[in-house]
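Structural characterization, general
Here is how the chains run, residue by residue.
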Amino acid sequence: MTEEIHNPVKLVESVVMSLVDDPDAVEIVSREEELTVIIEVKVAPDDTGKIIGRQGRVVRALRTLARASSSYIGGPHVEVEILD
């Protein structure tokens, strides 16, 4: 578990997998742009609402966790995007 806490991509993957009903449909890709790591999350259409949450609270918390995880290890800025 400690490895997941210090790796933003694994942390996002772990949280997303625990929230969705169809974990087989989850696709997480990370890419780097300049000084930023962008984590793209794609889930089944029925699970999109669970990842976004009411008024975006879940995705906002997920972004906060990913940024905190990266800053803890002195890593780059992290952005989390939910794809359709």
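Presented here is an overview of the structure given in this document. (Residues numbered from 1 in each chain as written. Predicted model: local features only at pLDDT ≥ 70, side-chain atom pairs only at ≥ 80, totals over all residues. Heavy atoms only, no water.)

**Comments concerning the overall build of the protein chain**
Keep this limit in mind: Helix and strand definitions follow DSSP, with helices as H or I runs of at least four residues and strands as E runs of at least two, each counted in order from the N terminus. For the radius of gyration, the atom set is restricted to C-alpha positions; the globular benchmark scales as 2.2 Å times the number of residues to the power 0.38. With a 1.4 Å probe rolled over the protein chains alone, any residue whose accessible area is under 20% of its type maximum counts as buried; one over 50% counts as exposed, and the rest are partly exposed. Residues are treated as being in contact if the distance between any of their heavy atoms lies within 4.5 Å.
Counting its regular elements, the protein chain contains 4 helices and 3 strands. Ordered by position from the N terminus, the helices and strands of the protein chain form the series α-α-β-β-α-α-β. A compact globule built from 84 residues would reach a C-alpha radius of gyration of about 12 Å, and the protein chain, at 12 Å, matches this within 12%. Projected onto its principal axes, the C-alpha positions of the protein chain cover 35 × 25 × 25 Å. Going through the 84 residues of the protein chain one by one, you find that 30% of them count as buried. Once local pairs closer than 6 in sequence are excluded, the contacts in the protein chain between residues at least 24 apart make up 53%.

**Notes on the nonpolar core**
Put simply, the rule reads: In these notes, a set of buried Ala, Val, Leu, Ile, Met, Phe, Trp, Tyr and Cys residues joined through side-chain atoms within 4.5 Å is what counts as a nonpolar core.
Counting 13 residues, the largest nonpolar core has Val12, Val16, Val20, Ile39, Val41, Val43 and Val80 as its most contacted members. For valine 41, the residues in contact, after removing those within four places along its chain, are Val12, Val16, Glu27, Ile28, Val80, Glu81, Ile82 and Leu83.

**A short note on the sheet that holds strand S2 (residues 36–42)**
To keep it simple, the criterion reads: Two strands pair if DSSP finds at least two bridges between them. Only C-alpha atoms enter the line fits that serve as axes; for helices the fit covers just the stretch in contact. Angles between N-to-C directions range over 0 to 180 degrees.
Spatial ordering of the open sheet is given by S1-S2-S3, a layout of 3 strands whose pairing is mixed. Edge positions in the sheet fall to strand S1 (27–33) and strand S3 (77–83), since each of these pairs with one other strand and no more. The average angle at which neighbouring strand axes cross in this sheet is 20°, direction not considered. Direction of pairing for S2 relative to S3: parallel, over a ladder of 7 bridges.

**Quick look at the pattern of salt bridges**
We apply this condition: Whenever Lys or Arg places a side-chain nitrogen within 4 Å of a carboxyl oxygen from Asp or Glu, that contact is recorded as a salt bridge.
Per the stated rule, a full pass over the model turns up 6 salt bridges. Here arginine 31 makes a salt bridge to glutamate 33, at a shortest N to O gap of 2.3 Å. Residue arginine 31 is classed as partly exposed on the basis of its relative accessible area of 29%. With a shortest N-O distance of 2.8 Å, glutamate 40 and arginine 31 are connected by a salt bridge. Ionic contacts of the salt-bridge type, sharing partners, join the residues Arg31, Glu33, Glu40 and Glu81 into one network.

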